[in-house]
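Analysis of the macromolecular model
One-letter residues, chain by chain:
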Amino acid sequence: MTHVFTFADRVANLGVETAFVVAGQAAAHAAAGNRVYPFHLGDLNLATPEHITEAACRAIKDGKTGYTANVGIVELREALAKEFNRTRNTSYSGVNVAVQPGGKPVISKFLLTVMNPGDEVLYPNPGFPIYESQIEFHGGVAVPYGTVPGETNFTFDINQLEQAITSKTKILIVNDLHNPTSAECSAEDRRRIAELAVEHNLMVLLDEAYFDIHYDGQSTSIINEPGMEERSVVLYTFSKRFAMTGWRLGAALGPEDIIAIIGKLNVNDESCTNHFVQWAALDALSGDQQPVLDILDTLKQRRDLCVDMLNDIDGVSCFRPNATFYLWPDVTEAMTNKGFSTYQDFIEDILQQTGVSMCARSHFGTPLPGESRKYLRLAYSGIELAAIEEGLAKFKTYLES
Ligand code: PLP
């Protein structure tokens, strides 16, 4: 249909989450009658724990179906504050919490609240593509910092981060327990990041989407570091921990003033988050945690199988990260052996020849100058052990032929 619209200039800067594009290609391949092994999307094929779904049904029957306060029901705000004080040693109360329809909206609402056009924002690249999209959509300048391979896992390139700070840098986005590389800060990294934030008076978004997807030991938040609580907003989500991606529930936590403004954005955007889902979330936090441990156990088994199988392929090497459900194997030699120079051609050929669907480095930001190694991203959150075994066996045969 022809139409009369002319689009606002900012639309040209709006990016997408390109993993969804890969999902579309995988769906088309499956629709053509092919077997697909889905390693592309950070979604879980595990059920939300039953006590949570029951709580949601109960809440609907109890009439929790009207609007709530823009920032969420008091009970959930207080429960989240308590959860943070217990797990992250913060000093929050309910006023420090604005419930959101997912973790993702925290990114744009945080930027809209603190970023002026022209402000420089440091963000991880490779990283969750929505950071770059939202920074640029709202007129900021996206300044990337990378990750580097360490002994046993990727770490953030804090030297690069430090060098990228200028007098125009206002905001720092950190995604410790990182999508896509699974990079995890050491205690020293957390200290250095916080010191830089304080020294340069940066406002910080701590994206902790994977804080609870940690296999051995507990996660530690950068919010614990001196000077961080007053300058940070934390992105919290129920999506991954409780296998609730489609419920769309998360929260922004931070100083009362900024949370009040984020609450005003809630009124302007969605009025409030889905009412009965908030009551179910209360059960998620306070109810039986065994199903959450079971989810972690399942994910860990999948991780180990994937890592073992990937490291058994010529020209591929992969760390065994202790958190998230992503793997970021170095495939430089394998890609060269197969004669591919672009990621797009490589992953399309993998899909066509093997049915294995995955993302590549190029889906997580423009590669940085000097980057020479090639990486793919596999998510093991949406695929059973048997399918992992079958799919990665085909992947090995393909790469080694
Ligand atoms: N942040 C990161 C790093 C993510 O990977 C995701 C989802 O994949 C999100 C935020 C948003 O998740 P949700 O909106 O489901 O809470």
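Residues numbered from 1 in each chain as written. Predicted model: local features only at pLDDT ≥ 70, side-chain atom pairs only at ≥ 80, totals over all residues. Heavy atoms only, no water.

**As for the overall build of the protein**
The test is simple: Strands here are runs of E lasting at least two residues and helices are runs of H or I lasting at least four, both read from the DSSP assignment and numbered beginning at the N terminus. Radius of gyration: over C-alpha atoms. The globule rule applied is 2.2 Å multiplied by the number of residues raised to the 0.38 power. Relative accessibility under 20% of the residue-type maximum defines a buried residue, over 50% an exposed one, and the middle range a partly exposed one, all with a 1.4 Å probe and only protein chains included. Contacts are assigned to residue pairs that have any heavy atoms within 4.5 Å of one another. Charge counting treats Lys and Arg as positive and Asp and Glu as negative, with His and both chain ends excluded. Lysine's charge is taken at NZ, arginine's at CZ, aspartate's at CG and glutamate's at CD.
Assigned secondary structure in the protein consists of 13 helices and 14 strands. The C-alpha radius of gyration of the protein comes to 21 Å, within 12% of the 21 Å expected for a compact globule of 401 residues. Looking at the protein residue by residue over its 401 residues, the buried ones come to 55%. When contacts within the protein are restricted to residue pairs at least 6 apart in sequence, long-range pairs at least 24 apart make up 75% of them. Measuring between centres, the 32 positive side-chain charges of the protein sit 3 Å from its 51 negative side-chain charges.

**What to know about the sheet that holds strand β4 (residues 141-145)**
The test is simple: Strand pairing is assigned whenever DSSP identifies at least 2 bridges connecting the two strands. In this description, a line fitted to the C-alpha atoms serves as the axis of each element, helices being fitted only across the stretch in contact, and the angle between N-to-C directions of two axes falls anywhere from 0 to 180 degrees.
Spatially, the seven strands line up as an open sheet ordered β2-β10-β9-β8-β7-β3-β4, and their pairing is mixed. Edge positions in the sheet fall to β2 (97-100) and β4, since each of these pairs with one other strand and no more. Across the sheet, the axes of successive neighbouring strands diverge by a mean angle of 20°, strand direction being ignored. Packed on one face of the sheet, helix α3 (residues 74-88) meets β2, β9 (232-237) and β10 (250-253) and runs near 110° to β2. Here helix α5 (residues 129-137) sits on the sheet and contacts β3 (120-124), β4, β7 (169-174) and β8 (203-207); the angle it forms with β3, its principal contact strand, is near 170°.

**Here we look at the environment of A280**
Tracing the backbone shows A280 in helix α9 (residues 275-286). Note: C-alpha distance between A280 and E188 (92 residues apart in sequence) is 38 Å. Setting aside chain neighbours within four positions, we find A280 in contact with I52, A55, A56 and W247.

**A word on the environment of V267**
In this fold, V267 is placed in helix α8 (residues 256-269). For the pair V267 and N70, spaced 197 residues apart in the sequence, the C-alpha separation amounts to 5.6 Å.

**A look at the packing of helix α1 (residues 19-31) against helix α12 (residues 343-354)**
Our working rule: Each angle gets one of four labels, with under 35 degrees taken as roughly parallel, over 145 as roughly antiparallel, 65 to 115 as roughly perpendicular, and the rest as oblique. Should the near helix be turned anticlockwise from the far one by less than a right angle, the crossing is left-handed, and should it be turned clockwise, the crossing is right-handed. Residues are grouped as follows: Ala, Val, Leu, Ile, Met, Phe, Trp, Tyr, Cys and Pro are nonpolar; Asp, Glu, Lys and Arg are charged; all remaining types, including Gly, are polar.
Contact geometry of α1 with α12 gives a least axis separation of 11 Å together with a crossing angle of 30°. Viewed along their axes, α1 and α12 adopt a mutual orientation that is roughly parallel. Considering only the axes of α1 and α12, their crossing is right-handed. Facing α1, whose interface residues are V22, Q25, A26 and H29, α12 presents Q344, I347, E348, L351 and Q352. A breakdown of the residues in the contact of α1 with α12 according to their chemical character gives four nonpolar, four polar and one charged.

**Section: the domain arrangement of the protein**
Basically, it comes down to this: The split of the chain into domains comes from an automatic or database domain assignment. Two parts placed together each lose some accessible area under a 1.4 Å probe, and adding up what both lose gives the buried area. By convention in these notes, a salt bridge is any Lys or Arg side-chain nitrogen within 4 Å of a carboxyl oxygen on Asp or Glu. The term polar contact refers here to a pair of N or O atoms within 3.5 Å; inside protein, the definition further demands a hydrogen-donor-capable atom paired with an acceptor-capable atom, and it admits residues adjacent in sequence only when both atoms are side-chain atoms.
Each assigned domain of the protein is listed with its residue range as follows: domain 1 (9-47 + 291-400) and domain 2 (51-286). Relative to domain 2, the C-alpha centre of domain 1 lies at a distance of 25 Å. When the two sides are added together, the surface that domain 1 and domain 2 hide from each other amounts to roughly 3,300 Å², 61% of it contributed by carbon and sulfur. Across the domain 1-domain 2 interface, the total number found is one salt bridge. Of the charged contacts in the structure, one is a salt bridge between K300 and D216, with a shortest N-O distance of 3.1 Å. Taken together, the connections running from domain 1 to domain 2 amount to 18 residue pairs in polar contact (both at pLDDT 80 or more). Counting residues per element, the ones that place at least two in the side of domain 1 that touches domain 2 are α10 (290-311) and β11 (326-327). The greatest single-element share of the side of domain 1 that touches domain 2, amounting to seven residues, is contributed by α10. Here the side of domain 1 that touches domain 2 is built from residues that sort into 22 nonpolar, nine polar and eight charged.

**Some details on the site of the ligand**
Spelled out, the test is: Here, proximity means that at least one heavy atom of the residue falls within 4 Å of the molecule or strand. Areas reported as accessible are Shrake-Rupley estimates using a 1.4 Å probe. Residue values count occlusion only from the protein chains shown.
Residues in contact with the ligand amount to 14 residues; listed here are only the nearest, D207, Y210, T237, S239 and R248. One nitrogen or oxygen atom from the side chain of T237 is found 2.6 Å from an oxygen atom belonging to the ligand. Within the contact set of the ligand, an oxygen atom lies 2.7 Å away from a side-chain nitrogen or oxygen of S239. In isolation the ligand exposes 390 Å². Once the protein is present, 94% of that is buried.

**So, the sheet that holds β11**
One open sheet accounts for three strands, arranged β11-β14-β13; its pairing is antiparallel. With one partner strand each, in any of the chains shown, β11 and β13 (359-360) form the two edges of the open sheet. In this sheet, strand β14 (residues 376-379) lies alongside β11 in antiparallel orientation, the contact comprising two bridges. Residue pairing in the sheet places L327 in a bridge with L378 of β14.

**Quick look at the packing of aromatic side chains**
For the record, the criterion: For Phe, Tyr and Trp, where Trp contributes only its six-membered ring, two rings pair if their centres lie within 6.5 Å, and the inter-plane angle classes them as stacked under 30 degrees, edge-to-face over 60, or tilted in between. Throughout this description, the term charge over a ring refers to an Arg CZ or Lys NZ atom that lies within 6 Å of the ring centre and within 35 degrees of the ring normal.
Scanning the model with the defined rule gives 14 aromatic pairs in all. Summarising the aromatic geometry, the rings of F84 and Y92 are spaced 6.0 Å apart at their centres and angled 40° between planes, so their arrangement reads as tilted. The same class applies to F84 and to Y92, which are both buried. By way of ring pairs, the aromatic residues F84, Y92, Y236, F238 and F242 are connected into one cluster. R88 extends its terminal NZ or CZ atom over the ring of F211, reaching a point 3.6 Å from the ring centre. In this structure, K338 is placed above the aromatic ring of Y398, and the distance from its NZ or CZ to the ring centre is 4.1 Å.

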